[in-house]
Amino acid sequence: MFAELNSILNTSPDSFKPGEFILVSDKHTDASFLIHHFLSFYLRAGCKVCFLGLVQSFSHYSAISQRLGVSLTQAREKGQLVFLEGLKESLGVLLQGEASKGTRAVDFLRDPSSGLRGLYEFVRDNVMGAVCGGEEWGPPVLLVDDLSVVLSLGVSVGAALDFSHYCRATVCSELQGSMVMLVRCEAEEEEESDDEGSERLLRGLIHQCSLTLQVQGLPTGYCRDIHGQVRWITLYICVCVCVCVCERVGKKERKRLRVICSRRLLNALS
Amino acid sequence: MAAPKMSMGKPTADRLPCNTTSFQKKSRSKLVSIPGTRPSIQNGQLIVSTGVTSLDYVIGGGLAVGTLLLIEEDRYDSYSRMLLKYFLAEGVVCGHELYVASALDHPNDILQELPAPILDDIASPKTVEDQAKSCDPESQDAMKIAWRYQHLPKVQTALASSSRFGHYYDVSKTMDPEICQAARCHGFYLPEHSTAVTSPTATRQSPMPETYSSLLNNLQEVIHREGFDGSVPQTKSRNILRIGLHSLGSALWGDDLCCHENPSHGHALTTFLYGLRAMLRSSLSVAVVTVPSHLIQNRALMGNITRLCDTAIALESFRGSERETNPLYKDYHGLLDVRQLPYLNCLVCDLPDNKDLAFKLKRKQFTIERLHLPPDLSETVSRVSRGELTGTAMVGSSGCGSGSTGNRHLDF
């Protein structure tokens, strides 16, 4: 969890706004450090977290979360974290998956045209269980890493947008929980096709979300020390900061997100 | 996942165990040492060498076990094939098992053309040691005038890691058949397999064409049978499986990705790569895939393919292009672009400080170097432009000053 990011977003594990849909997007860089931040943030806040890890294995997230101070295996055992390991489930489906061992959640691999209904039902079952289960967890949180991979696997943009809409209706509106989704796009250099999948998905999700965090490389070019910039855009405010994700190896091994400079580009309230 | 140092315990049914306690001292004794691998200095990942030491340096020390390296082929598929052969040759020398799949050449032919290792050069080549020494400022004379710059490293053009990890190969000779026979190799030659594929579920809509499905199934079968996914109890010592897949996405694999701008099976290769990624994460294997990206017209699709791989590099060779005669590139055979580096079990990876890389293939070494623009010392470059400016200005002026042509080479 990055303290500086929390201070800029004006949130903390003790107090955060319910019902938020946060969209994290990146172009040509990797914004998954924000997903790790939000994962440890919500686990510390005591929420029931449903994590759809579609591109990496559980041990990858577990290793990083340990460095950020949260143990995923303990959270999973206690029931606070429900983790869908997309890679593991998908292998059963892709290898002659008639008598498949996979859950219904990855049905979209078997038949991409059917959409993400199975995945939504998985989310709904786990998220509803938090409310009715009688445990003392906070509001439910859904984290998706990342949604654009389903486009690579044949699912249509419309189906992905339907999925996020249904999830938002269930998690954010009905249960007053939060949602964080990561979308990875490719920057278009020429506008050859305006129907490019991930751009359309991004535009649709920006319309649905309440806060967007856009991670990009620096506009001036590649720099080794500063990894990129993060812009976040909410209803009234568009802020742009340059960040550097530092890792010091050695006795003091810490991960921190260092904010180099911050500019308020637009503030309609002032 | 790519096996971390702590996970060499008893294997569970279908995947490697992960560290469950939050505090565990990283001790080397726990790691079952597999020949040809070493833990990475950055984050403790188990890495193997690609066979080319410069490439190991560029991608952060080596290839992590459980990951996938994507090589975007150059136009004539010469250097990408060379890299694939280096990768397989390194596997033979380290004693790893090999899996080669190709639709064009028979895997046995590929294995017979592997470069011969230079085994008597075990004392590491002088270039590596010299550069390691030249980095050490104490061995130089202390700078008297430019003492502020003393602590900065000297510019290194050739990239090589300082430890001896990986071997050197002589491209002009092929590997001895005896050495090759000693390694266990599994091959997948598509024309042999396509006739044997009988799918009783042919009516079922499959996300992948038969070629990729059969390759994935064959690969899973080999991994499972040989115990790379931990299913076989430890009757023999652990080993790494090196997977080399040549020219995926080309028309020979039954994929029209390279033929049309909007292919009908647009998601075939990406689905296959997703399945391959899942398989690699749960077994002790490393894969290198070459893709003819110059034929793929849809750039977004190439972006999807790159994101599904862990490490991605692209080769562009100068052969046959006008750059071959460009004096800037005269020492090199092509450009190498590192498109993507993986973030595995860590928030940030070691980023290279320079992205302009060029490679050259010499007989005994495939070197990757930083491309330096030489300083522009030619006098004519700036003079001509200035002379032209003064010339045109003088024509319009009322004639103060001497004649325009005479002053062309004078600079005030």
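Scoring rules and cut-offs
Residues numbered from 1 in each chain as written. Chains lettered and ligands numbered in written order. Predicted model: local features only at pLDDT ≥ 70, side-chain atom pairs only at ≥ 80, totals over all residues. Heavy atoms only, no water. UniProt positions renumbered as here; feature names shortened; annotations may be inferred. Helix = DSSP H or I, 4+ residues; strand = E, 2+ residues; numbered from the N terminus. Buried < 20%, exposed > 50% of the residue type's maximum accessible area, 1.4 Å probe, protein only. Pairing = 2+ DSSP bridges.

The name given to chain B in an unreviewed UniProt entry is Elongator complex protein 4, and the organism recorded there is Salmo trutta. On record in UniProt, under Sequence similarities (unreviewed entry), the comment for chain B is "Belongs to the ELP4 family." Under the Pathway (unreviewed entry) heading, UniProt states for chain B: "tRNA modification; 5-methoxycarbonylmethyl-2-thiouridine-tRNA biosynthesis."

An unreviewed UniProt entry lists chain A under the name Elongator complex protein 6, with Salmo trutta as the source organism. Per its UniProt entry, chain A bears the Sequence similarities (unreviewed entry) comment "Belongs to the ELP6 family." Of the comments in the UniProt record for chain A, the one headed Pathway (unreviewed entry) reads "tRNA modification; 5-methoxycarbonylmethyl-2-thiouridine-tRNA biosynthesis."

> Can you walk me through unusual backbone geometry in this structure?
Negative phi values dominate among residues other than glycine, just as trans dominates among peptide bonds. Cis geometry marks the peptide bond from Asp-145 of chain A to Asp-146 of chain A, where omega comes out at -20°. Examined against the element boundaries, Asp-146 of chain A turns out to sit in the loop between strand E4 (138-145) and helix H8 (149-152). Unusually for a residue other than glycine, Gln-176 of chain A sits at a positive phi of about 55°. Following the sequence through the fold, Gln-176 of chain A ends up in the loop between helix H9 (157-174) and strand E5 (178-185). Residue Gln-176 of chain A is classed as partly exposed on the basis of its relative accessible area, which comes to 40%. The phi dihedral of Asp-77 of chain B is positive, around 55°, even though this residue is not glycine. With respect to the helices and strands, the residue Asp-77 of chain B is situated in the loop between strand E4 (68-72) and helix H2 (79-94).

> How should the pairing of E4 of chain A be read in this particular structure?
Strand residues, when the strand is regular, have side chains that alternate between the two faces of the sheet. Residues and elements named next belong to chain A. In terms of residue burial, E4 counts as a mostly covered element, since six of its eight residues are buried. The sheet contact formed by strand E2 (residues 47-53) and E4 spans six bridges and is parallel. Residue pairing across strands places Cys-47 opposite Gly-138, the latter belonging to E4. As judged from the four bridges shared by E4 and E5, these two strands associate in the parallel manner. Residue pairing in the sheet places Leu-142 in a bridge with Met-179 of E5.

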